[in-house]
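Here is how the chains run, residue by residue.
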Amino acid sequence: MKSSSRRFALLALVVVLAGAIIVVLGRSGEPAGPRVLAPGRGTTDTTSDPFAYDADRRAAFEARAAAGLSHVLYAKSPGGVLATAQRVQRLRPMVEDVAERAHQDPDTLEAIVFLESAGRPDVAASDDLRSAVGLTQILAQTATGLLGLKVDVAASERITRRIGRSTSFSRIARLKAQRRRVDERFDARKSLEATTRYLEFAQGQLGRDDLAIESYHMGVGNLQRALKAYGSNEIPYAQLFFDSTPVRHAAAWRVLASLGDDSSTYLWRIGAAKAIMSLYREDPKKLAAQAVLQGSPAGERVLRPAASTPVFADDGALRSDALAVVSGTALRPSRALAAAPSAGRALQPEALRMLRYLALGVREVSGTAPIIVTSATRSVQGEAADTRGAFGAETPPSTHTTGYAFDLSRDYRSPAQAQALQFWLDRLTALDAIAWVREPDVIHVIVGPRARELS
């Protein structure tokens, strides 16, 4: 009798526990209730992040990163992006020949030339020729120790000084030919061939083409450290980059962030260079038009072109149901903005969603809130009447007149908050979701169409 009672009690307990599991997980096995929006923590059983890395959309993440990080190529290409593309294109027959012989991708090799030297075989990173030199910017130690190039640094520097003093074109040509013999990094073909040997070596060490390309700037050892910190050596670079944040795979993120020289975005800039060269060959006029948009502060007009983005002409137009007043749990309007009429402290709904996402992300990473919003939407008329003067991204008519721009105070609550904001500005740029400009007192942010993914 006692044994039967125990069995009955045990059965009742199992039923209760099963019911509790169903309540918690739901009958489908999924967590009950909505996941909490936690930017940077990924999409898990308890958290959601619309911008979290998705392996099924890897190609889309790579394309977005190439687009989001392309501005620097337009802004810093010597002579402008069209001139650089023209120089690089002249090298295309040689690039294709070298790539074919090495069984490498010519577009990748061409993109490395674009990024490293802008198509200039005689360029050196510094007067110390132990540093990066030539069409693909090879270090002297790497050239001789790994890639089999002949490099006599002392002789190369002596000839380089003589080139700098010479005023005769014919003499300069003879000296450059002499330098190519003592320092093969200045020989365009040999530089390209050495680069293909590096990529072959790196692919053998890392097992993937994308990792090999990324390592051209980061180095094989640094990339292996990041992969080890992530916990896998067999993942694409897109996963390592986008799935590592200060609060998710944080050890891997710390390795990438510690390099501090844009190494972690090299693969995306290679993608941007490929896109530029492809557009140059297909439609140079379209590339020229893109360069004009990229000439805006941080390239913000690429995200919101003036020709296709409506503006609020006057204060009457600002009083529109299309705008939503700035509010959120991890953000706060500045005193001046809070005192403004509601129309002047509002944003387009998708811009407000991005602001809230950014504020939550900063709080998630730093544990500090709020961030302070100092400016939102303004009218064209209002900006024209403002006599305080403006410059940079604030020059009238600014993107504030579209409802897609806001400014954040640089008066931070802690260093951790400043670092967290910097992380999110960089990450959202790499996602091609925003562009931003650092001004003396504020960070100016323009929100692109990808903010719709937050709805």
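Residues numbered from 1 in each chain as written. Predicted model: local features only at pLDDT ≥ 70, side-chain atom pairs only at ≥ 80, totals over all residues. Heavy atoms only, no water.

Q: Outline a positive patch on the surface, listing residues and values.
A: Where like charges cluster on the molecular surface, the positive patch consists of Arg158, Arg161, Arg162, Arg165, Arg171 and Arg174. Of all the secondary-structure elements, those providing two or more residues to the positive patch are helix H8 (153-165) and helix H9 (169-182). The leading source of residues in the positive patch is H8, at four residues. One can find Arg165 in helix H8. Residue classification places Arg165 among the exposed residues on the basis of a relative accessible area of 62%. (Patch = residues over 30% accessible without salt bridge, like charges linked within 9 Å, V, L, I, M, F, W, Y side chains within 5 Å. Areas by Shrake-Rupley, 256 points an atom, 1.4 Å probe, with all protein chains shown as cover. Salt bridge = Lys/Arg side-chain N within 4 Å of Asp/Glu carboxyl O. Lys, Arg positive; Asp, Glu negative; His and termini not counted. Charge placed at Lys NZ, Arg CZ, Asp CG, Glu CD. Helix = DSSP H or I, 4+ residues; strand = E, 2+ residues; numbered from the N terminus. Buried < 20%, exposed > 50% of the residue type's maximum accessible area, 1.4 Å probe, protein only.)

Q: Hey, could you go over the packing of helix H5 (residues 92-102) against helix H6 (residues 106-117) for me, with residue numbers and the actual values?
A: Each pair of packed helices can be described by the angle between their axes along with the distance between the axes. At a closest axis distance of 9 Å, the pairing of H5 and H6 adopts a crossing angle of 130 degrees. It follows that H5 is oblique to H6 by the angle criterion. When the axes of H5 and H6 are compared, the crossing they make is right-handed. Across the interface between the two elements, Arg92, Val95, Glu96, Val98 and Ala99 from H5 touch Pro106, Asp107, Leu109 and Glu110 from H6. (Axes fitted to C-alpha atoms, helices over the stretch in contact; angles between N-to-C directions. Parallel < 35°, antiparallel > 145°, perpendicular 65-115°, else oblique. Left-handed = near helix turned anticlockwise from the far one by under 90°. Contact = heavy atoms within 4.5 Å.)

Q: Tell me about the sheet that holds strand E9 (residues 442-447), and name the residues and values.
A: Here we have five strands laid out as an open sheet, ordered E4-E6-E7-E9-E8, and mixed in their pairing. Two strands bound the open sheet, and with one partner strand each, they are strand E4 (331-333) and strand E8 (434-438). The mean inter-strand angle of the sheet, taken between neighbouring strand axes irrespective of direction, is 35 degrees. As paired elements, E4 and strand E6 (residues 371-375) share three bridges and run parallel to each other. Among the inter-strand pairings, Pro333 is bridged to a residue of E6, identified as Val373. Strand contacts of helix H20 (residues 349-366): E4, E6, strand E7 (405-409), E8 and E9, with the helix running at about 25 degrees to E7, the strand carrying the most contacts. (Pairing = 2+ DSSP bridges.)

Q: Tell me about H9, and name the residues and values.
A: Taking 1.5 Å as the rise per residue, H9 with 14 residues should run 20 Å; its terminal C-alpha atoms sit 20 Å apart, in good agreement. Of all the residues in H9, the buried ones are Ile172, Leu175, Arg179 and Val182. What you see down the axis of H9 is that its buried residues fit within an arc of 80 degrees, all on one side. Opposite its buried face, H9 presents the exposed residues Phe169, Arg174 and Arg181, each directed more than 90 degrees away. On the buried face of H9, the contacting elements are H8. (Expected span 1.5 Å × (residues − 1). Arc of directions from axis to C-beta.)

What is shown is where atoms sit, not what they do.
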